[in-house]
Amino acid sequence: VLLELSFPEITSVASQKTNKVFTQTFSLSTVRGEEFTFQSPNAEDIRDLVVYFLEGLKKRSKFVISVQDYKSPGEGTSFLSFLKGDLIILEEDSTGETVLNNGWCIGRCERTQERGDFPAETVYVLPTLTKPPNDILALFSVEDAHHGRRLSTVSNGGTEPRDRPHNLAEYALDHFRPPPKRTMSKTLTLSSKRNNEELWRYSREPLKQPLLKKLLLKEELAEEACFAFSAILKYMGDLPSKRPRIGNEITDHIFDGPLKHEILRDEIFCQLMKQLTDNRNRISEERGWELMWLASGLFACSQGLLKELTLFLRSRRHPISQDCLHRLQKTIRNGQRKYPPHQVEVEAIQHKTTQIFHKVYFPDDTDEAFEVDSSTRAKDFCHNISQRLNLRSAEGFSLFVKIADKVISVPEGDFFFDFVRHLTDWIKKARPTRDGTNPQFTYQVFFMKKLWTNTVPGKDRNADLIFHYHQELPKLLRGYHKCAKDEAAKLAALVYRVRFGESKQELQAIPQMLRELVPSDLIKLQSSNDWKRLIVAAYNQDGGMSPEDAKITFLKIVYRWPTFGSAFFEVKQTTEPNYPEMLLIAINKHGVSLIHPQSKDILVTHPFTRISNWSSGNTYFHMTIGNLVRGSKLLCETSLGYKMDDLLTSYISLMLTNMNKQRTVRMN
């Protein structure tokens, strides 16, 4: 036997391809720094076999050897301290596979017999199932020990110049704080010394100061920057965290600061680029890209850093890097977000999904999925929906979010995910759970007509069929409109036709379904058989009409009433002795109407131009008509004050917009 090498001694295997079969070579490198090269037509197969054994042994191994000194970050922590060359035996369920795939491991140092967590990058997995002899272990402590992280390399003869990905080395010279002066232990390898000094490279060490010089003198912001970096380490798995990466708790810690303070945005992008530069841990790197994806959809960096960040993203080969660049460009165009990512966004990227589809419900009981991204504003979302549904215009339509027992309209200028995030946080604060846990609120998104200013039945067929009919019918059935008996029968016949078409079978069942056909306050005006007679007669008059045309005919009748397109609110009023205590309030394109709850007579309509002030709370809605000094006040008790407030605000702002448009047209 001329040469015998045990697997723990072999640190890397490489093969060299050439055009001639007999000059194929493979070489073995050892921990002593030796390299043996062999020539064989089966060079590749031999290399693959050795790699197969080495990888298999490494995955099952319980023995790792430290390649640098590691000092526990603090006293009394669960971290393990050790010196270069120490043998560490993995504990619990940890194996070599854990070390190769995770950021942290648990083990016991043989020299000190201490146990604790340590970073995977500080150790080398020994390809062995039994403890290696001491003479081989001693080789790893030698100053120039070669412990290849890469097991095998293949070269094609000749070197290919590979574009080196862009990093912050140059930028750091002018903008980063100087690295701390340290006295280095002589046993540290050159590479780890370099890593500690170069702030722009990946590191597992929490920051004690921010990276950027400009933050050093701003104490609170500097603290915030270090806090964010610790959260980045936890999210990427580079710092042990008791809390799992579920939900958006860690991402809130990272992004809260930079969303509030613009000066921190560059710091966060620099921290992310740092952690994605020379990061050898695959899982950590994947998670770092998740954070880069989230950050690029929330805010942009300063003009000074933009060139660096763009080059960084362009020169990376990661599948998400190009998407990050597109998101960044969108954010620059569309503006910054107000709130950290919503849980839906965090979970999407964790599942490697860069497209988020959201289900939207319509009043006709149908729904469709639409793509929403971090920079989608409610206005764009409404426009996309109206285009998909072939509506003539999106004017007057709005998105509504239903969460818990509230249905709230999304302001058109808001980023969709910002609004939902803000709403979810508000509901959580308003309804804390008894055991102190965070309640989970699911929400649904609806798209409906909100402002009926320019709504004329027959003008936009799809809007009539999907929205107007289905939104008007419940108001009729609740008895909110003033409606004569004959009109009620005609409308009931149309509602029947929408449901059953030309089928006369169900006509017999009309007395049992009057509540679904006739306004509730009119049902008792006559017997159910009399209603049936009137409805059947009206139904027969419309013979041959399609259910779709029946919807439009229904709307054309209701359109003639002054209360068409109203939002109705049942309130208790305490200010006007001439009006009944219980009032029905209708808000529509004419203004705010006060309606008698029994007779349905309109007592008064206040046009928007006469309303000078309004406010709302959880239990009330207040409104001032006329000027603030001599005007009259209307005080109402209602739990829907927030809706009345929002509707009034929206109608008045639409009225002002239209007035300004007309003024501009006249001036031109």
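Structural data are supplied above this passage.
Residues numbered from 1 in each chain as written. Predicted model: local features only at pLDDT ≥ 70, side-chain atom pairs only at ≥ 80, totals over all residues. Heavy atoms only, no water.

### Regarding the overall build of the protein chain
Here is step 1: Looking only at helices and strands, the protein chain features 19 helices and 21 strands.
Here is step 2: Counting across all 668 residues of the protein chain, residues that qualify as buried make up 48%.
Here is step 3: Taking as baseline every contact in the protein chain between residues at least 6 positions apart, the subset at least 24 positions apart corresponds to 63%.
Here is step 4: Accessible surface, the protein chain as shown: approximately 34400 Å² in total, 50% of it carbon and sulfur. (Helix = DSSP H or I, 4+ residues; strand = E, 2+ residues; numbered from the N terminus. Buried < 20%, exposed > 50% of the residue type's maximum accessible area, 1.4 Å probe, protein only. Contact = heavy atoms within 4.5 Å. Areas by Shrake-Rupley, 256 points an atom, 1.4 Å probe, with all protein chains shown as cover.)

### Here's the deal with the packing of helix H16 (residues 485–500) against helix H17 (residues 528–541)
The angle between the axes and the distance between the axes are what describe a pair of packed helices.
Here is step 1: Relative orientation of the contacting elements H16 and H17 amounts to 65°, with a least axis distance of 8 Å. Regarding H16 and H17, the two cross each other, and that crossing is right-handed. Residues Lys485, Ala488, Ala489, Lys490, Ala492, Ala493, Tyr496 and Arg497 of H16 touch H17, and the partners they reach there are Trp531, Leu534, Ile535, Ala538 and Tyr539.
Here is step 2: Residue composition of the contact of H16 with H17, grouped by class: ten nonpolar, no polar and three charged. (Axes fitted to C-alpha atoms, helices over the stretch in contact; angles between N-to-C directions. Left-handed = near helix turned anticlockwise from the far one by under 90°. Nonpolar A, V, L, I, M, F, W, Y, C, P; charged D, E, K, R; others polar.)

### Observations regarding the side chain of Ser398
Here is step 1: Mapped onto the elements, Ser398 comes out in strand S12 (residues 397–403).
Here is step 2: Only 3.0 Å separates the side chain of Ser398 from the side chain of Ser409, close enough to count as a polar contact.
Here is step 3: Setting aside its immediate chain neighbours within four residues, Ser398 contacts Cys382, Ser409, Val410, Phe446, Phe447, Met448 and Lys450. (Polar contact = N/O pair within 3.5 Å; in protein donor to acceptor, adjacent residues only side chain to side chain.)

### A short note on the environment of Phe500
Here is step 1: Mapped onto the elements of the fold, Phe500 is located in helix H16.
Here is step 2: Put simply, Phe500 and Pro547 are 47 residues apart on the chain and 7.9 Å apart in space, counted from C-alpha to C-alpha.
Here is step 3: Apart from residues lying up to four places away in sequence, Phe500 is in contact with Glu506 and Met513.

### Digging into the sheet that holds strand S19 (residues 611–616)
By way of backbone hydrogen bonds, the strands of a sheet pair with one another, either parallel or antiparallel.
Here is step 1: With respect to topology, seven strands assemble into an open sheet ordered S18-S17-S16-S15-S21-S20-S19, the strand pairing being antiparallel. The open sheet has two edge strands, strand S18 (602–606) and S19, and neither has a second partner. Here the average twist between neighbouring strands, direction ignored, is 30°. (Pairing = 2+ DSSP bridges.)

### Some points on the side chain of Gln526
Here is step 1: Summarising the element assignment, Gln526 is placed in the loop between H16 and H17.
Here is step 2: Taking the relative accessible area as the measure of exposure, Gln526 reaches 15% and is therefore buried.
Here is step 3: Residues in contact with Gln526, not counting those within four places in the same chain, are Lys485, Trp531 and Leu534.

### Remarks on helix H6 (residues 219–236)
Because the α-helix completes a turn every 3.6 residues, residues three or four places apart line up on one side.
Here is step 1: Look at H6: 26 Å from first C-alpha to last across 18 residues, which is about the 26 Å you get at 1.5 Å a residue.
Here is step 2: Turning to H6, its buried residues are Leu221, Ala222, Ala225, Cys226, Ala228, Phe229, Ser230, Ala231, Ile232, Leu233, Tyr235 and Met236.
Here is step 3: Where H6 is buried, its residues meet helix H7 (249–260), helix H8 (263–275), helix H9 (282–296) and helix H12 (343–350).
Here is step 4: Once H6 ends, the next one or two residues include Gly237, with phi positive near 85°. (Expected span 1.5 Å × (residues − 1).)

### A word on the pattern of salt bridges
Here is step 1: Counted according to the given criterion, the structure contains 29 salt bridges.
Here is step 2: For the salt bridge of Arg115 with Glu91, the shortest nitrogen-to-oxygen distance reads 2.5 Å. Taken together, the residues span a long stretch of sequence, with Arg115 in strand S7 (residues 115–119) and Glu91 in the loop between strand S5 (87–90) and helix H2 (96–101) at a distance of 24 residues.
Here is step 3: For Arg115, a relative accessible area of 39% translates into the label partly exposed.
Here is step 4: By relative accessible area, which is 18% here, Glu91 ends up buried.
Here is step 5: Note that Asp278 is salt-bridged to Arg201, the shortest N-O span being 2.0 Å. Of this pair, Asp278 sits in the loop between H8 and H9 while Arg201 sits in the loop between helix H5 (190–197) and H6, placing them 77 residues apart in sequence.
Here is step 6: By relative accessible area, which is 26% here, Asp278 ends up partly exposed.
Here is step 7: Several salt bridges share partner residues, and in doing so they unite Glu91, Arg108 and Arg115 into one network. (Salt bridge = Lys/Arg side-chain N within 4 Å of Asp/Glu carboxyl O.)

### Concerning H9
Here is step 1: Taking 1.5 Å per residue, 15 residues should reach 21 Å; H9 reaches 21 Å between its end C-alpha atoms and fits that length.
Here is step 2: Between the side-chain oxygen of the N-cap and the backbone nitrogen of Ile283 there are 3.1 Å, and the N-cap of H9 in question is Asn281.

### Examining a nonpolar patch on the surface
Here is step 1: A grouping of Leu2, Leu3 and Phe38 is seen on the molecular surface, where their side chains present a nonpolar patch of about 340 Å² in accessible area.
Here is step 2: Take Phe38: it is sitting in strand S3 (residues 35–39).
Here is step 3: By relative accessible area, Phe38 is classed as partly exposed at 32%. (Patch = residues over 30% accessible without salt bridge, like charges linked within 9 Å, V, L, I, M, F, W, Y side chains within 5 Å.)

### Overview of the sheet that holds S5
Here is step 1: Spatial ordering of the open sheet is given by S7-S6-S5-S4-S8, a layout of five strands whose pairing is antiparallel. Edge strands, defined here as strands with exactly one partner in the open sheet, are S7 and strand S8 (123–125). On average, each strand axis in the sheet is inclined to that of its neighbour by 45°, with strand direction left out of account.
Here is step 2: Pairing of strand S6 (residues 104–109) with S7 involves five bridges; the strand directions are antiparallel.

### Points about the nonpolar core
Here is step 1: By size, the foremost hydrophobic cluster in this structure holds 94 residues, and its most contacted members are Phe176, Phe255, Phe269, Met292, Leu399 and Phe447.
Here is step 2: When residues in this core are grouped by element, the largest group, eight residues, is from H6.
Here is step 3: In this structure, Leu399 is in contact with Ala378, Phe381, Cys382, Ile385, Ile408, Ser409, Val410, Phe416, Val445, Phe446 and Phe447, ignoring residues within four places of it in sequence.
Here is step 4: Judged by nonpolar contacts, the second largest core, of 57 residues, contains Phe621, Leu647, Leu648 and Leu654. (Core = buried A, V, L, I, M, F, W, Y, C linked by side-chain atoms within 4.5 Å.)

### Remarks on the pairing of S3
Here is step 1: Summarising burial for S3: zero of the five residues are buried, a small minority.
Here is step 2: Relative to S3, strand S2 (residues 25–30) runs antiparallel, the two being bridged by five bridges. Each residue of the ladder has a partner; that of Phe26, found in S3, is Phe38.
Here is step 3: With antiparallel pairing between neighbouring strands as the criterion, S2 and S3 make up a hairpin whose turn holds four residues, including Gly33 at a positive phi of roughly 90°.

### As for the environment of Asn101
Here is step 1: Here Asn101 lies in helix H2.
Here is step 2: The partly exposed category is assigned to Asn101, whose relative accessible area is 28%.
Here is step 3: Measuring from C-alpha to C-alpha, the distance between Asn101 and Lys59 comes to 9.9 Å, with 42 residues separating the pair along the chain.
Here is step 4: Filtering out sequence-adjacent residues up to four positions away, Asn101 remains in contact with Asn281, Arg282 and Ile283.

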